[in-house]
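# Summary of the model geometry
The primary structure of each chain is shown beneath.
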Amino acid sequence: MALDETVDQTRVSQRPLAKAGLQSERLLWPAKKGVFEEEVESMEDALGLTTLEKAVAWAQTRSMWPATFGLACCAIEMMSIVSSRYDIARFGMERFSSSPRQADLMIVSGRVAHKMAAPLRQVYDQMLEPKWVIAMGACASSGGMFNNYTILQGVDKIVPVDIHVPGCPPRPEALMEGIVRLHEKVLAGVPPAYQIRGVAS
Ligand code: SF4
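Rules and cut-offs
- Residues numbered from 1 in each chain as written.
- Predicted model: local features only at pLDDT ≥ 70, side-chain atom pairs only at ≥ 80, totals over all residues.
- Heavy atoms only, no water.
- Helix = DSSP H or I, 4+ residues; strand = E, 2+ residues; numbered from the N terminus.
- Buried < 20%, exposed > 50% of the residue type's maximum accessible area, 1.4 Å probe, protein only.
- Polar contact = N/O pair within 3.5 Å; in protein donor to acceptor, adjacent residues only side chain to side chain.
- Contact = heavy atoms within 4.5 Å.
- Core = buried A, V, L, I, M, F, W, Y, C linked by side-chain atoms within 4.5 Å.
- Pairing = 2+ DSSP bridges.
- Axes fitted to C-alpha atoms, helices over the stretch in contact; angles between N-to-C directions.
- Near = heavy atom within 4 Å.
- Nonpolar A, V, L, I, M, F, W, Y, C, P; charged D, E, K, R; others polar.
- Expected span 1.5 Å × (residues − 1).

## Some words on the side chain of S141
Structurally, the position occupied by S141 is in helix α6 (residues 137-142). Judged by its relative accessible area of 19%, S141 is buried. From its side chain, S141 meets the backbone oxygen of G137 in a polar contact 3.0 Å long. A distance of 3.3 Å separates the side chain of S141 from the side chain of H164, its partner in a polar contact. Apart from residues no more than four positions distant in its own chain, S141 is found in contact with A135, G154, D156, H164 and V165.

The following block contains the structure:
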């Protein structure tokens, strides 16, 4: 039996789905939202539906406590993000934790002397998983101007770094930009750097 005898042609759209914004490849590569995904997201907002992974990621980004750990001049800029001017409590980061066991974010702010490498790694090891690392400033990221035998040429040699914040020193706004970018990564489901690099955490 011919198709046009069984199907009411007036009810079948002749428009390709791609023209309606349907992009199935978006499911594999989160670069651009399709119309279908936007509709699903707005439905989630309206109905309060979500997945457990999304809820956990949301909770992690709204309660990410940094470890109290400053090394050099960059640390002065880092300290100011808890002030009323910058107020990182807005992101649920109420305080810097004095115990690594209550911290899940290490902000390496300043140059890392070889002498400090072992204590830094020990603090990182004592933090519970999942945990993240921000290398703040040129010195933490690459040794900066201190290209000599005393300074570690990049903290990513001893801990897996999730975000690098450029500058010497980076302004507090730049550090907050790095924190917001880290939150975006967590919300997008990107695993912590130690899982990506496959190093012992
Ligand atoms: S990047 Fe600049 S401000 Fe930061 S620790 Fe190095 S020299 Fe100091």
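## Details of the nonpolar core
Side chains of a nonpolar character, in soluble globular proteins, are inclined to be buried together. In this structure, M64, I81, L105, I107, I134, L175 and L182 are the most contacted members of the largest nonpolar core, which totals 21 residues. Examining the composition of this core, we find that five residues originate from one element, helix α7 (residues 172-187), more than from any other. If we ignore the near neighbours within four places in the chain, the residues touching I134 are L105, M106, I107, V108, I163, V165, L175, G178, I179 and L182. With 16 residues, the next largest nonpolar core counts V108, M127, V133 and V161 among its residues.

## Focus on the environment of R62
Secondary-structure assignment places R62 in the loop between α3 (52-61) and α4 (73-79). R62 gets classed as partly exposed once you look at its relative accessible area, which sits at 40%. C-alpha separation for the pair R62 and A89, spaced 27 residues apart in sequence, amounts to 9.3 Å. Leaving out residues up to four positions away in the same chain, R62 has contacts with F91, G92 and L187. A polar contact of 2.9 Å, which involves the side chain of R62, links it to the side chain of T61.

## With respect to the sheet that holds strand β3 (residues 163-165)
Taken in spatial order, the three strands make up an open sheet running β1-β2-β3, and their pairing is parallel. Each edge of the open sheet carries a strand with a single partner, namely β1 (105-109) and β3. Neighbouring strand axes in the sheet, compared pairwise and without regard to direction, differ in orientation by 20° on average. Both β1 and strand β2 (residues 132-136) contribute to a ladder of five bridges, which runs parallel. Within β2, the residue paired with V108 across the bridge is A135.

## Concerning the site of the ligand
In the vicinity of the ligand, the residues found are A72, C73, C74, G110, R111, A138, C139, M145, F146, G167, C168 and P169. Of all the secondary-structure elements, those providing two or more residues to the shell around the ligand are α4 and α6. Here the shell around the ligand is built from residues that sort into nine nonpolar, two polar and one charged.

## Here's the deal with helix α5 (residues 114-126)
Compared with an ideal rise of 1.5 Å per residue, which puts 13 residues at 18 Å, α5 spans 19 Å between its outermost C-alpha atoms and is within 8% of the ideal. Looking at the buried side of α5, the elements it contacts are β1, β2 and α8 (193-197).

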